[in-house]
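# Examination of the molecular architecture
Each chain is listed here by its residues.
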2 protein chains.
Amino acid sequence: MKLLLIGFGVVGQGLAQILRDKAAELKSKHNFTAEIIGVATASKGALYRSSGLDISALLQAAEGGSFVDFPDQPGLRRDMTVREMIMIGEADVLVEASPTNLETAQPALDFCYQALEAGMHLALANKGPVALDYAGLRAKARAKGLLMRYEATVMAGTPTMRLAQDALAGCEIRSARGILNGTTNYILTQMEKGLSYDDALAQAQAQGYAEADPSGDVEGWDAAGKVLILANALFGGKLAMADLAVSGITAISAADIADANAAGQRYKLIARATPDGGEVKANRLPLDDPLASVGGATNAITLETDLLGDITLIGAGAGKLETGYAILSDLLAIQRRLTAKRNPPANPS
Amino acid sequence: MKLLLIGFGVVGQGLAQILRDKAAELKSKHNFTAEIIGVATASKGALYRSSGLDISALLQAAEGGSFVDFPDQPGLRRDMTVREMIMIGEADVLVEASPTNLETAQPALDFCYQALEAGMHLALANKGPVALDYAGLRAKARAKGLLMRYEATVMAGTPTMRLAQDALAGCEIRSARGILNGTTNYILTQMEKGLSYDDALAQAQAQGYAEADPSGDVEGWDAAGKVLILANALFGGKLAMADLAVSGITAISAADIADANAAGQRYKLIARATPDGGEVKANRLPLDDPLASVGGATNAITLETDLLGDITLIGAGAGKLETGYAILSDLLAIQRRLTAKRNPPANPS
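How each quantity is defined
- Residues numbered from 1 in each chain as written.
- Chains lettered and ligands numbered in written order.
- Predicted model: local features only at pLDDT ≥ 70, side-chain atom pairs only at ≥ 80, totals over all residues.
- Heavy atoms only, no water.
- Contact = heavy atoms within 4.5 Å.
- Buried area = accessible area lost by both parts, 1.4 Å probe.
- Salt bridge = Lys/Arg side-chain N within 4 Å of Asp/Glu carboxyl O.
- Polar contact = N/O pair within 3.5 Å; in protein donor to acceptor, adjacent residues only side chain to side chain.
- Phe/Tyr/Trp six-rings, centres within 6.5 Å; stacked < 30°, edge-to-face > 60°.
- Helix = DSSP H or I, 4+ residues; strand = E, 2+ residues; numbered from the N terminus.
- Buried < 20%, exposed > 50% of the residue type's maximum accessible area, 1.4 Å probe, protein only.
- Pairing = 2+ DSSP bridges.

Moving on, we get to the interface of chain A and chain B. Taken together, the contacts link 39 residues of chain A with 39 residues of chain B. Carbon and sulfur atoms make up 60% of the surface buried where chain A meets chain B, a total of about 3100 Å² over both sides. Among the residues of chain A in contact with chain B, Leu 307, Leu 308 and Tyr 325 of chain A are the three that bury the most area, contributing 19% of the side total. Linking chain A with chain B are two salt bridges, by the criterion used here. Here Asp 306 of chain A ties to Lys 22 of chain B by a salt bridge, and the two come within 2.6 Å at their closest N and O atoms. For the interface between chain A and chain B, the tally reads 17 residue pairs in polar contact (both at pLDDT 80 or more).

What follows is the structure in structure tokens.
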């Protein structure tokens, strides 16, 4: 499988590391081999080589901050645009792992359509295209007989989409509610230990959980992007950001936290998606709610089903290997499709 | 898909109800149709009809306690043994849902081998055969090109095996530890509320969670059967019951519970499987362990992985529809295999 990577930050590097370190196991257990033939980034430059880029050299150059240090090799090109890499048509899958833009989803959204047009499957860690144009991308992918996978967009590699879309086949999912933003959960957990909101935020920033401008997390927008993905993917909705009621944790004080604790409750920023809509809102949960015990930067989701009642999945929501693995799980799913296409049924039914 | 059901208690009735009530949805969404052509029970009698048994009539007769009241139909036979039903060779899948025997796994184990020999796939809710002879059944199924599925044996329909075996493909699972017996978890939860062990047990019996002879649950044997299944299925072990260290909750007093609570901990009966072995033991867990917050008859499992850290799944561990759905999920997986066999690849690779 030949891969084109857009972005080479935490996700891309995590994927590359797994592909390198697990190559033998993936080959023997899953008959899976993959080569990274192109990488395009905004800050480090671009590399393309039809016969594959050396992964260790790629990781080493990325550590230095620029592909300038990537060693010359026969066939290596450093001057191609993303569009050119797509149009050359050599890759099987476009891995979109550039930073999320929840306002326009660009430039990733254009790249996704170009890739589908060129016959490439999609594996996305970038939430923008899936959150803002799920229906459009899904329709285009179906029309071209291609797959769009996006496990990394919700709870990193914790198998949220695979649980909801594959493992629960035959069950009806009625709602999804979860702790889908690790930064705010970390801040709330620290506030329970007695810190003020400002001190907890500063600590989250020091730990690398929150960015210098934390508004995307603390005002609920990151979680809202995930609500859109769940609402559209699980319930066939066509919701836009404007359809969601979104609030964050900025208005929650130490006194609120203490008040909730005294009542045997805990504040959690809950992202909720149903067939009718979605919201992001800080809720006071009773301690026996499985989501109430999820502390720190951990994520969790509860799926309400018709036959099984509530199913809760708890796991990492971020991290290099965790998110890189999410892409790998998408690639393994795509491989099963590629194999089926190469070996079409003798008597299609 | 033609089904032969051994046992028609909670599991069989749950499956039958789902097959009847979700028939249209299963057909349209999954191109799945199933007929129950045979049912054999120890207490209600047996029924067989090559062209399918009426499910509503079957459920009604079961409610009355005997198939004597099942209406006569052309082609209906009431006198066949399980062996005869298998040897006639009309069913695609044997659904083994008779009561678990963790000492010999019989008579279910013989039926499983007979069914495999006759070319039938297996879907098991009965833990005995999977716990005591996993390797043998697996080898026989592989040799015959058949599938053996057993989602119902651990946490009912909560997708434990599908999570571990399918959704985490590419990840290495290093250990599994969980609350896999609802009865003991219910008793421990009630003891935390101040009840004595004897009173909590009596309450569990009154609620239908515990049997008149509760030893299989409270001494840890039910959980031990599940440890064997996990150890053998996830880690390729060939463990037997004698290889496990098994203890239950009978020695835990109200004072122990109070002592743990005072230390910010909670007693849970933890079933644990690793590549090296397994055990069932009451542990004191810190409150921030996701398993600590799992109360009542709910089940949960934490899978320790190489790439994702800990993944915890919480859900029902019993119930009519919950366990019936587990069998359905197995049947859907088997259908994917049947379809592939009927339409073999043109160029097998």
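This part takes up the packing of aromatic side chains. Residues and elements named next belong to chain A. Evaluation of the coordinates by the stated rule reveals six aromatic pairs over all chains. Their ring planes at 90 degrees and their centres at 5.9 Å tell us that Tyr 134 and Tyr 150 sit as a pair that is edge-to-face. Placement of Tyr 134 in helix α6 (residues 127–144) and of Tyr 150 in the loop between β6 (148–149) and α7 (160–167) is noted, with a sequence separation of 16 residues between them. The same class applies to Tyr 134 as to Tyr 150, namely buried.

Moving on, we come to the environment of Asp 256 of chain B. Residue and element names in this part refer to chain B. Considering the arrangement of structural elements, one finds Asp 256 in helix α12 (residues 254–262). By relative accessible area, Asp 256 is classed as partly exposed at 28%. For the pair Asp 256 and Leu 331, spaced 75 residues apart in sequence, the C-alpha separation works out to 44 Å. Apart from residues lying up to four places away in sequence, Asp 256 is in contact with Ala 251 and Tyr 267.

Residue and element names in this part refer to chain B. The mixed open sheet is built from six strands, whose spatial order is β3-β2-β1-β4-β5-β6. Where the open sheet ends on each side, the last strands, each with one partner, are β3 (46–48) and β6 (148–149). Relative to strand β2 (residues 35–40), strand β1 (residues 2–6) runs parallel, the two sharing five bridges. Paired with Lys 2 across the bridge in β2 is Glu 35.

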